[in-house]
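Residue-level listing of the chains:
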Amino acid sequence: RPRALSGIQPTAGSFHLGNYLGAVRQYVALQETHDAFYMVVDLHAITVPQDPADLRANTRLAVAQLLAAGLDPQRCTLFVQSHVPEHAQLGWVMNCITGFGEASRMTQFKDKSAKQGADRTTVGLFTYPVLQVADILLYQADAVPVGEDQRQHIELTRDLAERFNGRFGHTFTVPSPHIVKETAKIYDLQDPTVKMSKSASTPKGLVNLLDEPKVTAKKVRSAVTDTGSEIVFDPAGKPGVSNLLTIFATLTGTPVADLENRYAGKGYGALKTDLADVMVDFVTPFKERTQAYLEDPETLDSVLAAGAEKARAVAAETLAAAYDRIGFLPAK
Ligand code: TYM
């Protein structure tokens, strides 16, 4: 079986619809075809300030949501990044083969640091993509399921894998991004020209999976649509309607063309009302399942303990090979 690896940050509150459609759904699908490793990236989370108690709670919440979304610990390895020390260790090695200019060109860093200001930006945020490289290479991943916004980080991973292999001999699998075109970028419901995200979206444009279903329905019903009234998939001309069609099609497994036919001549209101129902049917059981996992910390802990053990076995082997190639003296 090919390997898959991905990571998601433990954010406050809950995952949003973009995380789910762009990434988590793909994690669930790849369990069936890949030897899949998924982790909650708490080391990445501390590149911006975190309250310790919140970080712990949000890490558990992220694990509960991944299970609620359909990750099955019998079919994938689910773990927390900081439980596997090899991430930080290989991260350092990768820092030492990354160019300063190369890291400076990462657009997510440029965006985030511009927003925060230079005084508040940490060196950790700067090297964030390099740690992500280590995450992926440690597992010899073939496929990395992510949304479009992570493409540049996967490109960096490929470059560094090839560089290391070229310098020291073949050590790492060169991974490919697994980006599903239709859902690679889900947009804000109030501003369908920006991607849905915790930092960029307005509260009304951001669908949090653990919001009260009523709140979610309201956000969908008040989504910004475009001028005109025709329901056609046209991302350039009609970004608002197209985003809603993508969400509708993906959550129900209905081709977009069928939806265009179904709503021909019916207007935006009908589409939004029905999509609100679809969303409620999706988030209601998701919220219940998440809650059930949160109320069962023993199960969560044992899932994570088993996951960390399986992950460490793979990561330790890769790190040992890399250390040897580099010329580190083996500890006797
Ligand atoms: P994070 O936690 O920001 O996001 C998790 C995943 O959600 C995707 N995503 C979206 N997809 C479609 N539309 C959107 N609006 C949208 N917003 C977010 C992201 O592309 C991502 O796949 N750097 C990563 C975490 C990471 C990682 C890794 C990923 C750390 N190590 C190793 C892959 C492999 C991140 O911050 O994701």
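The rules we used
- Residues numbered from 1 in each chain as written.
- Predicted model: local features only at pLDDT ≥ 70, side-chain atom pairs only at ≥ 80, totals over all residues.
- Heavy atoms only, no water.
- Near = heavy atom within 4 Å.
- Polar contact = N/O pair within 3.5 Å; in protein donor to acceptor, adjacent residues only side chain to side chain.
- Helix = DSSP H or I, 4+ residues; strand = E, 2+ residues; numbered from the N terminus.
- Nonpolar A, V, L, I, M, F, W, Y, C, P; charged D, E, K, R; others polar.
- Contact = heavy atoms within 4.5 Å.
- Axes fitted to C-alpha atoms, helices over the stretch in contact; angles between N-to-C directions.
- Parallel < 35°, antiparallel > 145°, perpendicular 65-115°, else oblique.
- Left-handed = near helix turned anticlockwise from the far one by under 90°.
- Core = buried A, V, L, I, M, F, W, Y, C linked by side-chain atoms within 4.5 Å.
- Buried < 20%, exposed > 50% of the residue type's maximum accessible area, 1.4 Å probe, protein only.
- Right-handed = clockwise from strand over helix to strand, strands pointing away.
- Phe/Tyr/Trp six-rings, centres within 6.5 Å; stacked < 30°, edge-to-face > 60°.
- Lys NZ or Arg CZ within 6 Å of the ring centre and 35° of its normal.
- Lys, Arg positive; Asp, Glu negative; His and termini not counted.
- Salt bridge = Lys/Arg side-chain N within 4 Å of Asp/Glu carboxyl O.
- Arc of directions from axis to C-beta.

A. Here's a closer look at the site of the ligand. The full set close to the ligand counts 27 residues, and Y128, D135, G147, D149 and I186 are the nearest of them. Contact between the ligand and Q9: an oxygen atom at 2.9 Å from a main-chain N or O atom of the residue. Between the ligand and the protein, one listed contact pairs a nitrogen atom with a backbone N or O atom of M196 at 2.9 Å. Every element with two or more residues in the shell around the ligand is listed here: β1 (3–8), α1 (17–30) and α7 (123–138). Tallied by class, residues from the shell around the ligand come to eleven nonpolar, twelve polar and four charged.

B. Representation of unusual backbone geometry. Of note in the backbone geometry, Q140 takes a positive phi value of approximately 55° without being a glycine. Positionally, Q140 belongs in the loop between α7 and β4 (143–145).

C. How the structure looks around the side chain of T157. Residue position: T157 is located in helix α8 (residues 151–168). Those residues in contact with T157, other than ones at most four positions away along the chain, are V133, I136, L137 and P175.

D. Seen up close, the packing of helix α10 (residues 239–252) against helix α12 (residues 268–294). Two numbers describe how α10 lies on α12: the axes approach to 10 Å, and their chain directions differ by 40°. As judged from the angle between their axes, α10 and α12 are oblique. Crossing angle aside, the handedness with which α10 passes α12 is left-handed. Residues V241, L244, L245, I247, F248, L251 and T252 of α10 pack against Y268, L271, K272, D274, L275, V278, M279 and F282 of α12. By residue class, the composition of the contact of α10 with α12 is twelve nonpolar, one polar and two charged.

E. Spatial organisation of the nonpolar core. In terms of nonpolar packing, the biggest core is built from 56 residues, with Y38, L66, I247 and M279 touching the most fellow members. For this core, the leading source of residues is α12, giving nine residues. Ignoring anything within four residues of it in the chain, the contact list for M279 reads L17, V207, T216, V220, I247 and L251. If you look at the next biggest cluster of nonpolar residues, it comprises 38 residues, including F109, A134, L137 and A141.

F. Structural view of the pairing of β1. Among the six residues of β1, five are classified as buried, and the element is accordingly described as predominantly covered. Regarding topology, α1 serves as the crossover connection from β1 to the parallel strand β2 (residues 35–40), and that connection is right-handed.

G. Summary view of the packing of aromatic side chains. Under the counting rule described, the total for this entry stands at eleven aromatic pairs. Residues Y20 and F282 carry aromatic rings whose centres are separated by 4.8 Å and whose planes lie at 40° to one another, so their mutual orientation is tilted. Of this pair, Y20 sits in helix α1 while F282 sits in helix α12, and the two are 262 residues apart along the sequence. Residue Y20 is classed as buried on the basis of its relative accessible area of 9%. On the basis of relative accessibility, which here comes to 16%, the residue F282 falls in the buried class. An aromatic cluster is present here, built from Y20, F282 and F286 joined pairwise through their rings. Over the aromatic face of Y128 sits the side chain of K112, whose NZ or CZ is 5.1 Å from the ring centroid. Stacked on the ring of Y263, the Lys or Arg K266 has its end atom at 5.8 Å from the ring centre.

H. Spotlight on the side chain of D135. Note that D135 resides in helix α7. Buried within the structure, D135 lacks any salt-bridge partner; its nearest side chain of opposite charge belongs to K112, at an N-O separation of 12 Å. A distance of 2.8 Å separates polar atoms of two side chains, one belonging to D135 and the other to H87.

I. Local environment of helix α9 (residues 213–221). Among all positions in α9, only P213, T216, A217, K219 and V220 are buried. Down the axis of α9, the smallest arc covering the buried residues is 160°, so these residues share one side. Exposed positions of α9 whose direction lies more than 90 degrees from the buried face are K214 and K218. Buried-residue contacts for α9 involve α12.

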